[in-house]
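Each chain, letter by letter, is given below.
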Number of protein chains: 2
Amino acid sequence: MTALSTPALSNLQINADRLWSTILETAQFGGTPKGGVKRLTLSEEDRQVRDWFRAACEAAGCTVSVDALGNMFALRPGRDASKAPLGIGSHLDTQPTGGKFDGILGTLAALEVVRALNDAGIETDTPLCVVNWTNEEGSRFAPAMMGSAGHVADLPLAEILARTDAEGVSVGEALDAIGYRGEVPLGTQKFSGFLELHIEQGPILEAENLTIGVVEHGQGIIWYNGRVTGFESHAGSTPMHLRKDALATLSEIVLAVEKLAVDLGPNAVGTVADITIARQSRNVIPGEITFATEFRTPDAGILEALDKGLQAAVARIADKRKVSVQLDTIWRKEPTHFDPKVTGAVAAAAQKLGLSHRPMVSGAGHDSFHLATIVPTGMIFVPCKDGVSHNELESATKDDCAAGANVLLHAVLALAGDAAKA
Amino acid sequence: MTALSTPALSNLQINADRLWSTILETAQFGGTPKGGVKRLTLSEEDRQVRDWFRAACEAAGCTVSVDALGNMFALRPGRDASKAPLGIGSHLDTQPTGGKFDGILGTLAALEVVRALNDAGIETDTPLCVVNWTNEEGSRFAPAMMGSAGHVADLPLAEILARTDAEGVSVGEALDAIGYRGEVPLGTQKFSGFLELHIEQGPILEAENLTIGVVEHGQGIIWYNGRVTGFESHAGSTPMHLRKDALATLSEIVLAVEKLAVDLGPNAVGTVADITIARQSRNVIPGEITFATEFRTPDAGILEALDKGLQAAVARIADKRKVSVQLDTIWRKEPTHFDPKVTGAVAAAAQKLGLSHRPMVSGAGHDSFHLATIVPTGMIFVPCKDGVSHNELESATKDDCAAGANVLLHAVLALAGDAAKA
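Residues numbered from 1 in each chain as written. Chains lettered and ligands numbered in written order. Predicted model: local features only at pLDDT ≥ 70, side-chain atom pairs only at ≥ 80, totals over all residues. Heavy atoms only, no water.

Participant: What exactly am I supposed to notice about the packing of aromatic side chains here?
Facilitator: Centre-to-centre distance and the angle between the planes together describe a pair of aromatic rings. Within the structure shown, the criterion is met by 18 aromatic pairs over all chains. Taken together, a centroid distance of 6.1 Å and an interplanar angle of 55° make the contact between Phe73 of chain A and Phe191 of chain A tilted. Placement of the pair is Phe73 of chain A in strand 2 (residues 72–76) and Phe191 of chain A in the loop between helix 7 (171–178) and strand 6 (193–199), with a sequence separation of 118 residues. By relative accessible area, which is 2% here, Phe73 of chain A ends up buried. Exposure remark for Phe191 of chain A: the relative accessible area of 8% places this residue in the buried category. On the numbers, 6.0 Å between centres and 75° between planes, the contact of Phe191 of chain A with Phe194 of chain A is edge-to-face. Phe194 of chain A matches Phe191 of chain A in its accessibility class, with the two residues each being buried. In textbook terms, an aromatic cluster arises when at least three aromatic residues are bridged by ring pairs, as seen for Phe73, Trp133, Phe191 and Phe194 of chain A. When the ring centre of Tyr180 of chain A is taken as reference, the NZ or CZ atom of Arg50 of chain A above it lies at 5.1 Å. Looking at Arg282 of chain B, its charged tip hangs above the ring of Trp223 of chain A, at a distance of 4.5 Å from the centre. (Phe/Tyr/Trp six-rings, centres within 6.5 Å; stacked < 30°, edge-to-face > 60°. Helix = DSSP H or I, 4+ residues; strand = E, 2+ residues; numbered from the N terminus. Buried < 20%, exposed > 50% of the residue type's maximum accessible area, 1.4 Å probe, protein only. Lys NZ or Arg CZ within 6 Å of the ring centre and 35° of its normal.)

Below, the structure written as structure tokens:
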């Protein structure tokens, strides 16, 4: 990081007003009345923000390419064209009732880093590549982090393209519908490393009044799809002991998931969501229910214990109630450990900029988890209000967003090298 | 019942083939591939069966009138026009995935009684009135037994007409849409008594290998609408102890309802159904859920204990989890005790016909519960396969349906009096 001794560079800052205005500008694509964003992956709103992003990157002098899953790569040349670029970015899709910062901050801050380097006339030694990953959220198509999963070959392309949403539309059809099934073969865009700025999506930084989280680990994740099959019958005339109530069965599963996560905590969480009850009527005992459930923990041993514990609990509950419960593991990701060189550069940048910081574990899943399996990777967190995300109330301050972008800038300068343009 | 000593009358039987064929014929209106019936009240399918029913009653010599809630009354004159008619019938609407017998048997058997009396040239002393009550099921519009509730002034007409379905269509709009908002003011059709044949919708008669249930009591019912308001947040980054999980909260309520019914049993049932989770996504902790719950028991004291128990459990759960739970009682019906004169006539008819029988409590709610508040009322049960109803698998045998209709016929002859036509 010798170059950082150069006074001009060590004082370099991104343009906080410009970063903030791009966040507000893009929030209009799928903006909700409550101030959130509904921009499901590969939707019309996603197409709008992708078109905006492509134009903005090209205006900043980047060459934009799109791969077979719609992942977008905006290349900024470096002095040494033989080097694989340093990837920086995140995602632009959101939850059904998401906010203006989750993923968006990291993608637009990466664009802002390029703009700031342009303004300062700085050319890095290693090329840079601003990335927008497809379907990080996973709420329209499962699993989450789909684009980066495909990039690192964690899932085969054909299988990903065949995944369907609730309306039966496949990923392939959705890509074609918005014109973002690209020419570039999956995985051909190489990186020398990857760095992602993101809101924490948790309460820790705010609670400890810190500005920067240096993310050293990422949680392991297991996603399950479940189905309870009991028997529908009359709510008034079916004695309690003769019931096969699918909702009462699910209720025991929900509380078992909660208890497992608490008992194996504090570094574990478990959630049941996305319930569908077939043929509902208020005086019919629920007979069939589908549900989604998941566990997350940074400890591989605890992840295994949670999985075994759930399988055992479900078997016990199904046997006791004489109902059938099917539980399919649709995705499993072991815990992630980020690269010390990259996390070191993040910590050093925060230190140099005089920003308070601490090492952290990422609670949420991120595309960087996948990138970490192929190249040195790291992440930067900034606080979000009340730790809330995946919610229209999601909020982060202009100052914290700028601080995170400045840490990203200086970590990039440290990792990609730099020199004044000729 | 002196007239029953007449040999011709004591041997009188309904036409079992004709009754069975009308059941199969009307099952086509809303018939499902699995052999059930989907005929939600005031739907197009309901209009079709109503038109069929009106024509069949008129062909049987009855005069059909319709009241302001679409309740249909088919009057068969008696010798003494000064007497209020004896009401016989049930309902023709079904659950979303209902069967061919629930309500339908009682309505078509009443029609068959009139046809059998016509064939035998018998005129009763008291006029007869075959009735089809509107919205007994309550699955499109709450509460159940809406038409008979209006008839006995248990609910005001204006309030009933304003009730809306899931699509926001009001009862009044639905009545107009199928042309069944009638001329007759609500409640003006008088009765001297009421008698309803119905499948048991429970397992008791079948288990004891009996043919006829003489229904002496009906369960009290409380219906609640509930809403859990927690807080949506990220499933991966929200620590367990900071969650306000609406689904985990609901799960405790579901199990509390189940436990209350079991603990205060065996003559009590409790059910939670009809769940709606707002803004679902598999990696968002559920923040808001609406649900329906109910209790039923023939014991007024137990009904009160169930209600108090639920209120206390909900308060405790909401307080423990720091979430808001709203619980509104939308309907409460105290236990029903049928008229000994009517139940006696039913038991005597079964005895005379050599049919095995026992006194019973009705688990399900029926329009007769409302009629019992204004006139001497009774019910006849016949077995249904495995006690199943509110399910496409609902089934009853031709012989049991005929047996029930014959008990209805002879109870009618006993209660309405009879004489050979001049």
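From this point, the narrative continues.
Participant: Explanation requested: the interface of chain A and chain B in the structure shown.
Facilitator: One frequently used descriptor of interface size is the decrease in accessible area upon assembly of the parts. If you look at the interface, chain A gives 65 residues, while chain B gives 66 residues. In total, chain A and chain B occlude about 5,100 Å² of area from one another, counting both sides; carbon and sulfur atoms represent 58% of this. Seen at the junction of chain A and chain B, the total is two salt bridges. When the shortest N-O distance is used, the salt bridge between Arg321 of chain A and Glu258 of chain B registers 2.6 Å. (Contact = heavy atoms within 4.5 Å. Buried area = accessible area lost by both parts, 1.4 Å probe. Salt bridge = Lys/Arg side-chain N within 4 Å of Asp/Glu carboxyl O.)

Participant: Sorry if this is basic, but what is going on with the domain arrangement of chain A here?
Facilitator: All names here are of chain A. Domains assigned within chain A are domain 1 (6–219 + 335–421) and domain 2 (220–333). Taking only C-alpha atoms into account, the centre of domain 1 sits 34 Å from that of domain 2. Counting from both sides, the interface comprises 18 residues of domain 1 and, opposite them, 14 residues of domain 2. Summing both partners gives a buried area of about 1,100 Å² for domain 1 against domain 2, and 66% of it is carried by carbon and sulfur. Among the residues of domain 1 in contact with domain 2, Pro143, Gln219 and Pro335 are the three that bury the most area, contributing 47% of the side total. On the surface where domain 1 and domain 2 come into contact, there are zero salt bridges. (Domains from an automatic or database assignment.)

Participant: Explain the relation of the copies chain A and chain B here, please?
Facilitator: Relating one copy of the chain to the other takes a rotation about an axis and a shift parallel to that axis. Of the two same-sequence chains, chain A is brought onto chain B (RMSD 0.1 Å, axial shift 0.1 Å) by a rotation of 180°. Each copy turns onto its partner about a two-fold axis. Closest approach to the rotation axis within chain A is made by the C-alpha atom of Ser251 of chain A, at a distance of 2.1 Å. In this assembly the copies share their binding face: 100% of the residues contributing to the interface of chain A also contribute to that of chain B. (Least-squares fit on C-alpha atoms with pLDDT ≥ 70 in both.)

Participant: Is there a simple way to think about the side chain of Glu394 of chain B in this case?
Facilitator: Residues and elements named next belong to chain B. Take Glu394: it is sitting in the loop between strand 16 (377–382) and helix 13 (398–416). With no salt bridge to any partner, buried Glu394 finds its closest opposite charge in Lys100, at an N-O distance of 7.8 Å. A polar side-chain atom of Glu394 sits 2.9 Å from the main-chain amide nitrogen of Phe101. Here the side chain of Glu394 touches Asp102 through a polar contact of 2.9 Å, landing on its backbone nitrogen. Discounting residues that sit within four places of it in the chain, Glu394 has contacts with Gly99, Lys100, Phe101, Asp102, Ile199, Val388 and Ser389. (Lys, Arg positive; Asp, Glu negative; His and termini not counted. Polar contact = N/O pair within 3.5 Å; in protein donor to acceptor, adjacent residues only side chain to side chain.)

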